Amino acid sequence: MKEFIKINPADNVAVAISELKKGTVIDVDGDKITLVTDVPAGHKVALRDIAEGENVIKYGFPIGHTRHAVARGAFLDHNDIKTNLAGQLDYSDVHIKPQPAYKGEKPEMTFMGYERKDGQVGIRNEIWVIPTVGCVNGIVKQIVDRLNAETGAEGVDGIFGFPHNYGCSQLGDDHENTKKILRDMVLHPNAGGVLVVGLGCENNQPKVFEEFCGDYDRDRVKFMVCQEVQGDEVEEGLRIARELYENARKCERTVQPASKLRIGLKCGGSDGFSGITANPLLGAFSDFLCEAENGTTVLTEVPEMFGAETILMERCADDKLLSQTVSLINNFKEYFLSHGEPVGENPSPGNKAGGISTLEEKALGCTQKSGKSPVYGVMEYGERIHNHGLNLLSAPGNDLVASTALGAAGCQMVLFTTGRGTPFGTFVPTMKISTNTSLAERKPAWIDFNAGVLVEDESMDQVLPRFVDYVLKVASGEQVNSEKAGIHEIAIFKNGVTL
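How each quantity is defined
Residues numbered from 1 in each chain as written. Predicted model: local features only at pLDDT ≥ 70, side-chain atom pairs only at ≥ 80, totals over all residues. Heavy atoms only, no water. 1 Å grid on protein atoms, 1.4 Å probe; cavity = no way out; pocket = protein on both sides within 12 Å on 5 of 7 lines; lining within 4 Å. Points joined across faces, edges and corners; volume = space filled by probe spheres on them. Nonpolar A, V, L, I, M, F, W, Y, C, P; charged D, E, K, R; others polar. Helix = DSSP H or I, 4+ residues; strand = E, 2+ residues; numbered from the N terminus. Buried < 20%, exposed > 50% of the residue type's maximum accessible area, 1.4 Å probe, protein only. Polar contact = N/O pair within 3.5 Å; in protein donor to acceptor, adjacent residues only side chain to side chain. Patch = residues over 30% accessible without salt bridge, like charges linked within 9 Å, V, L, I, M, F, W, Y side chains within 5 Å. Areas by Shrake-Rupley, 256 points an atom, 1.4 Å probe, with all protein chains shown as cover. Salt bridge = Lys/Arg side-chain N within 4 Å of Asp/Glu carboxyl O. Pairing = 2+ DSSP bridges.

In this structure, the largest pocket encloses a volume near 950 Å³. Lining the largest pocket are 36 residues, and of these P280, D287, Q368, G371 and K372 lie nearest its centre. In terms of residue class, the lining of the largest pocket is built from 17 nonpolar, ten polar and nine charged. Computed from the structure, the second largest pocket encloses a volume of approximately 410 Å³. The element best represented in the lining of the second largest pocket is helix α7 (residues 319-338), accounting for six residues. When grouped by side-chain class, the residues that make up the lining of the second largest pocket number six nonpolar, five polar and five charged.

Along the chain, the position of N351 falls in helix α8 (residues 349-354). Among the residues examined, N351 registers a relative accessible area of 1% and is labelled buried. In this structure the side chain of N351 is engaged in a polar contact, spanning 2.9 Å, whose partner is the backbone nitrogen of S348.

A surface patch of nonpolar side chains, amounting to about 310 Å² of accessible area, comprises L171, V497 and L499. Mapped onto the elements, L171 comes out in the loop between β13 (159-161) and α2 (172-186). The class of L171 is partly exposed, set by a relative accessible area of 47%.

This part is about the pairing of strand β10 (residues 110-115). As defined by bridge partners, β10 adjoins strand β16 (residues 254-257) across four bridges and the pair is classed as antiparallel. Bridge pairing in β16 places M112 opposite V255. Note that β10 and strand β11 (residues 121-122) share two bridges and pair antiparallel. Looking at β11, one finds that Y114 is bridged to G122. Following β10, the chain reverses through five residues before pairing antiparallel with β11; G119 in that reversal takes a positive phi of roughly 95 degrees.

What follows is the structure in structure tokens.
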């Protein structure tokens, strides 16, 4: 196994693959460098003397500038590097660059999915009970618990409720965002049956919300308003849920082309290996699914594009998409600035401990999940997918909020890379891909796939086919660890006041 990796020929830092001790001599492109400090695994080492204020280059791009002079062979982290990010930019000098055609093989891959009446395909056949407002969370829980007790979920892939705090006391965009996310869940193909439970007096009025859902399948989706029920609303909800359950049990998996897959791309608890192993693996997967199979992937976490956004802009399929991507970035920067917050203070304590020093460094690793294919769609928060290929989605970096947004956009599954580890899962299968083998070995109940082998003894050409095969197995019904643990959660983005 290599001791270090220099990612790009232009870099003036390398990344330690394992812990390197002071006095170790590393050979970088024929230049023998003696380490003058210890360097933890995943962290950076200076390949030459770097003057105070000089840019630190990683991935071939600046990730910030030095706060003080750094000696050749020295370890450097967030204490030594300061972000270059500031406010909004006009990006007028950014132009689309034609992307090379995909040259890989194009096998006709399939999975076993549930085709719905509207043509969407689900990878699960679950019963969902969704509250329009947090006031009925307790009613939802009772319905779900009793239906599970009665049926054991036999014949379906699970019975779940999705409590949240919203649906009332909200105004403006917050109110609309709640409606959009809940609507998107109602229409999601992973549910074989959906019971929407309202109270009756909330801002998110059940009748208005039902109209907002549009032309939905009335055999698959039912509504109940608790204040309109004569008698026990739990019994009435259970009666409706039983009907949905019996209908869903009749659904069967059928062979579906991989082009029907819509996959969300997300990272959290990133470390110094994220941009070297797991994120590039997702990028290779995204290119394969979008370009070889005519499928769809969605990249979000807009704040974690700051510093690498021009890479995505240059890959836009047309000028309209370029303009939309500029707005995507600057609108989220304005969100930060309007709250008096800087745009570059994103790396978490876990990120920093794992080897990420600035938001630019995090972004350059994060955006590798998008691969190299063109951007064919740009979506606002709560918007549903309408273009095949790679899409960008407006949502924050917060793990559960962003993953919920990916599911709501129509993704049947979220691929989630992590260097620090996390047990969470959103309302669609959430596959955890570790950036390093140590994490996979320490947390086998969290991690579904280990990408750490990419810095050990396996190449991308070896790992990618195995990963594609695993994704198709999960799409065909194999559960990921968060599903096995019974973790199914949602979180809705909030910006404004609560009444």
